[in-house]
Amino acid sequence: MDFSEPERATRLKSELEEFIETEIRPLEEEHGRFLGPDAERHIFDDEFRQVPEYLDLKETIRKKAAEAGFWGMTMPEEVGGRGVDTLTDAIVAEFLANRPAGLHTYAVRGAGGGPTPILLACDEGQRERYLEPLMAGEATTCFALTEPEHGSDPNFLETTAEKDGDEWVIDGKKAWVSNAPYADFAMVFARTSGDPGEIRGISCLLVDTDTEGVEVGEIHRPMGHAWVAPAELVFEDCRVGEDALLGEEGKGFFQAMDWIGSARLGVAAGCVGSADFLVREAVEYAEGRETFGQPLIERQGISFPLAEVAMDVERTRQLYRYAAWKVDNGEDARKEVAMAKLAAANLEQRAADVAMQVHGGEGYSRRGPVEERFRTARGKRLTEGTDEMQKRTIVQELRE
Ligand SMILES: Cc1cc2nc3c(=O)[nH]c(=O)nc-3n(C[C@H](O)[C@H](O)[C@H](O)COP(=O)(O)OP(=O)(O)OC[C@H]3O[C@@H](n4cnc5c(N)ncnc54)[C@H](O)[C@@H]3O)c2cc1C
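Computed from a predicted structure; not experimentally measured. (Residues numbered from 1 in each chain as written. Predicted model: local features only at pLDDT ≥ 70, side-chain atom pairs only at ≥ 80, totals over all residues. Heavy atoms only, no water.)

### Quick word on the overall build of the protein
- Helix and strand counts for the protein stand at eleven helices and nine strands.
- Radius of gyration (C-alpha) of the protein: 21 Å, near the 21 Å computed for a compact globule of 400 residues.
- Of all 400 residues assigned to the protein, the portion counted as buried reaches 52%.
- If you take every contact in the protein between residues at least 6 apart in sequence, the share linking residues at least 24 apart comes to 73%.
- Measuring between centres, the 46 positive side-chain charges of the protein sit 6 Å from its 78 negative side-chain charges. (Helix = DSSP H or I, 4+ residues; strand = E, 2+ residues; numbered from the N terminus. Rg over C-alpha atoms; globule rule 2.2 N^0.38 Å. Buried < 20%, exposed > 50% of the residue type's maximum accessible area, 1.4 Å probe, protein only. Contact = heavy atoms within 4.5 Å. Lys, Arg positive; Asp, Glu negative; His and termini not counted. Charge placed at Lys NZ, Arg CZ, Asp CG, Glu CD.)

Okay, structure coming up:
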């Protein structure tokens, strides 16, 4: 059994490191106000919309990342990606989270509404209209599944898409859609046939967000994750052509679950990276901080919780890597992926809590890295399936 990191992952990480240092670091220095304790005050206007300068900056980073081959790296080569495998992608997600937060986290990977394998179902016209600009970093998208009344149970979604001649007419409301206010097009999941609860009969439609009948509704004000800009998308008599349907009619639920399944591993790996970062920060702080004439790290009340989190980091790292390895080998990994996401999200939250305790009041301040990670870590127990939904999946697999 070989536990060493695959060479392709090590190579990609060092390429990324160089890219961040040469392309992103100068932008971070120039636009320092978008980082640090006052970042949110500069990023958002009074209505919690991201300001144009910040959106332009994200676009610049996105295009640089696309040109350098990082933006759509998990997509196959035939559509301009690099065909990076699941394990390598997850290791890169861990690597990116295991460093001080910076602008690279917004655009190189993930939260920017970038390319997703769902769009491999695009026909030729859709590829040209949606996938190509997305791969080039010229456009962004959003994944519109959740609704105000249905999150964990998307098979009960109430948004409908009905055929009227050669058009689809979409009506309904989506909620918590990341990047919704800025996306050029949305992947919208709507019922095209069947009854509430049926997993067949849900379809995915690609909708330009400037289509008549689509509006951004309330912009949610999340506790953490502010930069992913989750918001409502409201559809009222929104008419799109027949060619808006992505892939086969009635298969949208399966497409959505595939998307969520692959995103889960990225979340898990990112949580492991962030937890590792928090442990290292806390150890360094505890070595430097003295109370009662001795460094904090000499107190077992402080150091033992760090040892426990460090142990959990290592075992959760092995778990997500095992799950990714199974995916890459074509094995059914639903159970392991759910376990990795569940374990990692809880791990990061605990790591942030321990790190905050070790830092004392300093940890509670927006000055340092712990406070923001503490808030964002909590959200990871909700996104891409809540803790309870991961447990539900694990039990389903145990019963099969
Ligand atoms: C930062 C952020 C970004 C997001 N981005 C997106 C996005 O881009 N696109 C998108 O479509 N959605 C997105 N979401 C929505 C997210 O997927 C949902 O919040 C999540 O699925 C939970 O749904 P809900 O909030 O409606 O909770 P509910 O489904 O109402 O659940 C409430 C609670 O009850 C529990 N629960 C529900 N059913 C059961 C059961 N049968 N047994 C036991 N417990 C149960 C849940 O686990 C949860 O703890 C995002 C959410 C957040 C916080």
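### Examining the site of the ligand
- Neighbouring the ligand are 14 residues; T146, S152, W176, T386 and E388 lie closest to it.
- In the model, an oxygen atom of the ligand is placed 3.1 Å from a nitrogen or oxygen of the L145 main chain.
- Contacts to the ligand include W176, whose backbone N or O atom sits 3.0 Å from a nitrogen atom.
- With the chains in place, 63% of the 970 Å² that the ligand exposes on its own is no longer accessible. (Near = heavy atom within 4 Å. Polar contact = N/O pair within 3.5 Å; in protein donor to acceptor, adjacent residues only side chain to side chain. Areas by Shrake-Rupley, 256 points an atom, 1.4 Å probe, with all protein chains shown as cover.)

### Comments concerning the side chain of R191
- By secondary structure assignment, the location of R191 is in strand β4 (residues 185-191).
- Buried and unpaired, R191 has E198 as its nearest opposite-charge partner, separated by 4.9 Å.
- In contact with R191, not counting residues within four places along its chain, are N155, L157, T159, T160, A161, P196, G197, E198, R200, G201 and I202. (Salt bridge = Lys/Arg side-chain N within 4 Å of Asp/Glu carboxyl O.)

### What to know about the packing of helix α9 (residues 334-359) against helix α11 (residues 387-399)
- Viewed as axis vectors pointing N to C, α9 and α11 meet at an angle of 150 degrees, and their least axial separation amounts to 9 Å. Between α9 and α11, the interaxial angle falls into the category roughly antiparallel. When the axes of α9 and α11 are compared, the crossing they make is left-handed. Where α9 abuts α11, its residues R334, K335, A338, M339, K341, L342 and N346 lie against D387, Q390, K391, T393, I394, Q396, E397 and L398.
- Split by residue class, the contact of α9 with α11 holds five nonpolar, four polar and six charged. (Axes fitted to C-alpha atoms, helices over the stretch in contact; angles between N-to-C directions. Parallel < 35°, antiparallel > 145°, perpendicular 65-115°, else oblique. Left-handed = near helix turned anticlockwise from the far one by under 90°. Nonpolar A, V, L, I, M, F, W, Y, C, P; charged D, E, K, R; others polar.)

### Brief notes about unusual backbone geometry
- For D237, which is not a glycine, the phi torsion comes out positive at approximately 50 degrees.
- Looking at the secondary structure, you find D237 in strand β7 (residues 231-241).
- For D237, a relative accessible area of 42% gives the class partly exposed.
- With a phi close to 50 degrees, E384 is a non-glycine residue in the positive phi region.
- Locating E384 in the fold gives a position in the loop between α10 (370-379) and α11.

### Some points on the domain arrangement of the protein
- Here the domain parsing of the protein yields domain 1 (7-135), domain 2 (141-250) and domain 3 (254-399).
- Each of domain 2 and domain 3 was reduced to a C-alpha centroid, and the two centroids are 31 Å apart.
- With 15 residues of domain 2 at the contact, the number on the domain 3 side is 14 residues.
- Taking both sides of the interface into account, the surface hidden between domain 2 and domain 3 amounts to around 1,100 Å²; carbon and sulfur atoms contribute 71%.
- A per-residue breakdown of the area domain 2 buries against domain 3 is headed by F143, M223 and H225, which together make up 45% of the total.
- At the junction of domain 2 and domain 3, the tally comes to zero salt bridges.
- For the interface between domain 2 and domain 3, the tally reads three residue pairs in polar contact (both at pLDDT 80 or more).
- In terms of residue class, the side of domain 2 that touches domain 3 is built from nine nonpolar, five polar and one charged. (Domains from an automatic or database assignment. Buried area = accessible area lost by both parts, 1.4 Å probe.)

### Considerations on the pairing of strand β2 (residues 160-164)
- As paired strands, β2 and strand β3 (residues 167-177) are joined by five bridges and run antiparallel to one another. Paired with E162 across the strands is V169, a residue of β3. (Pairing = 2+ DSSP bridges.)

### Quick word on the pairing of β7
- As judged from the eight bridges shared by β3 and β7, these two strands associate in the antiparallel manner. Among the inter-strand pairings, K173 is bridged to a residue of β7, identified as V234.
- Sheet topology places strand β6 (residues 214-219) next to β7; four bridges connect them, and they run antiparallel. Residue pairing for β7: I219 is matched across the bridge by A231.

### Overview of helix α1 (residues 7-30)
- In a regular helix each residue adds 1.5 Å, so 24 residues correspond to 34 Å; α1 covers 34 Å between its end C-alpha atoms and thus fits that length.
- Helix geometry: α1 is bent most strongly at I24, by close to 45 degrees, with proline P26 lying one to four residues after it.
- Restricting attention to buried positions, one finds in α1 the residues A9, L12, K13, L16, F19, I20, I24, L27 and E28. (Expected span 1.5 Å × (residues − 1). Bend = angle between axes of the 7 residues up to and from the residue.)

### With respect to the environment of R127
- Examined against the element boundaries, R127 turns out to sit in helix α6 (residues 124-135).
- Each C-alpha atom of the pair R127 and V79 lies 8.6 Å from the other, and the pair is 48 residues apart in sequence.
- Those residues in contact with R127, other than ones at most four positions away along the chain, are E78, V79, L120, C122, E132 and P133.

### So, the packing of helix α7 (residues 252-288) against helix α8 (residues 300-328)
- Close contact between α7 and α8 brings their axes to 9 Å; oriented N to C, the two are set at 160 degrees. Taken together, the axes of α7 and α8 lie roughly antiparallel to each other. Of the two elements, α7 crosses α8, and the hand of that crossing is left-handed. For the pair formed by α7 and α8, the contact residues are L265, A268, A269, V272, A275, D276, V279, A282, V283 and A286 on the first element and I302, L306, V309, A310, V313, T316, R317, Y320, A323, A324 and V327 on the second.
- The residue inventory of the contact of α7 with α8, partitioned by class, reads 18 nonpolar, one polar and two charged.

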